[in-house]
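# Structural features, examined
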Amino acid sequence: HISPEKKLAMYRRIERNARRLLNLVSQITDLRKMDEAQSVLTVAQFDIGRVTGSIFELFTDQADEKSQILAIESDKEELKGWIDRDKYEKIVVNLISNALKYSGPGATIKVCLNIKQSEKMSWLVVKIGDNGVGISPDLLPGIFDDFSKASRLHGGVGLGLSFTKRLVELHH
């Protein structure tokens, strides 16, 4: 006999793994579109702090399982900006997912959102930091290559950072 709590935990794990599989299929499809120059930005103005906060909500159960803390910092109360919301969410999801995966119990994963300005333009700076295991200096040059993995100890196929880099480059 399986307790209701254990069933709920199993269902959550199944749901999380199904989301990860769907995310991987979506990333592979998006990578193909980017390689074939079919991917375009569809931008609109959003409160980027709120969008980022809604992304955090996707990870609360996962963070709670390892007693990890998720935090957002911003230099402004309201952070309006023009983004392709779908692509921005994919970027942040990939980076937070990596931070959670490679950080141990009790770790803090922090997202800092800031607007930088020059005379002619302004741009969003998103920094995601953690106190995880880090990446070995000898692996740094290739971390954005397809199928590159900084560690064999954790799951994944090594597309996340490559995919994320390409999404960021679309914005330039």
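Residues numbered from 1 in each chain as written. Predicted model: local features only at pLDDT ≥ 70, side-chain atom pairs only at ≥ 80, totals over all residues. Heavy atoms only, no water.

Below, the discussion takes up the packing of helix 2 (residues 48–57) against helix 4 (residues 85–102). Contact geometry of helix 2 with helix 4 gives a least axis separation of 10 Å together with a crossing angle of 50°. When the axis of helix 2 is compared with that of helix 4, the two are oblique. Helix 4 is crossed by helix 2, and the crossing has right-handed handedness. Contact with helix 2, carried on its side by Ile48, Val51, Thr52, Ser54, Ile55 and Phe56, involves Arg85, Tyr88, Glu89, Val92, Val93 and Ile96 of helix 4 and no other residues of that element. Looking at the contact of helix 2 with helix 4 residue by residue, the classes come out as eight nonpolar, two polar and two charged. (Axes fitted to C-alpha atoms, helices over the stretch in contact; angles between N-to-C directions. Helix = DSSP H or I, 4+ residues; strand = E, 2+ residues; numbered from the N terminus. Parallel < 35°, antiparallel > 145°, perpendicular 65-115°, else oblique. Left-handed = near helix turned anticlockwise from the far one by under 90°. Contact = heavy atoms within 4.5 Å. Nonpolar A, V, L, I, M, F, W, Y, C, P; charged D, E, K, R; others polar.)

To continue, consider the sheet that holds strand 2 (residues 69–74). An order of 2-4-5 is seen for the three strands of this open sheet, with the pairing classed as mixed. At either end of the open sheet lies a strand with only one pairing partner, and these are strand 2 and strand 5 (122–129). Here the strands of the sheet are splayed against their neighbours by 15° on average, with no regard to which way each runs. Looking at chain direction, strand 4 (residues 108–117) and strand 5 are connected through eight bridges and run antiparallel. What sits directly across from Cys112, in strand 5, is Lys127. Together, strand 2, strand 4 and strand 5 form the strand contacts of helix 4, whose direction differs from that of strand 5 by roughly 25°. (Pairing = 2+ DSSP bridges.)

Further remarks concern the nonpolar core. Residues Ile48, Ile55, Phe59, Tyr88, Ile96, Leu100 and Leu113 are the most contacted members of the largest nonpolar core, which totals 18 residues. When contributions to this core are tallied by element, the ones reaching two or more residues are helix 2, helix 4 and strand 4. With six residues, helix 4 is the largest single contributor of residues to this core. Look past the residues within four positions of Leu100 in its chain and what remains in contact with it is Phe59, Gln62, Ala63, Lys66, Gln68, Leu70 and Ile109. (Core = buried A, V, L, I, M, F, W, Y, C linked by side-chain atoms within 4.5 Å. Buried < 20%, exposed > 50% of the residue type's maximum accessible area, 1.4 Å probe, protein only.)

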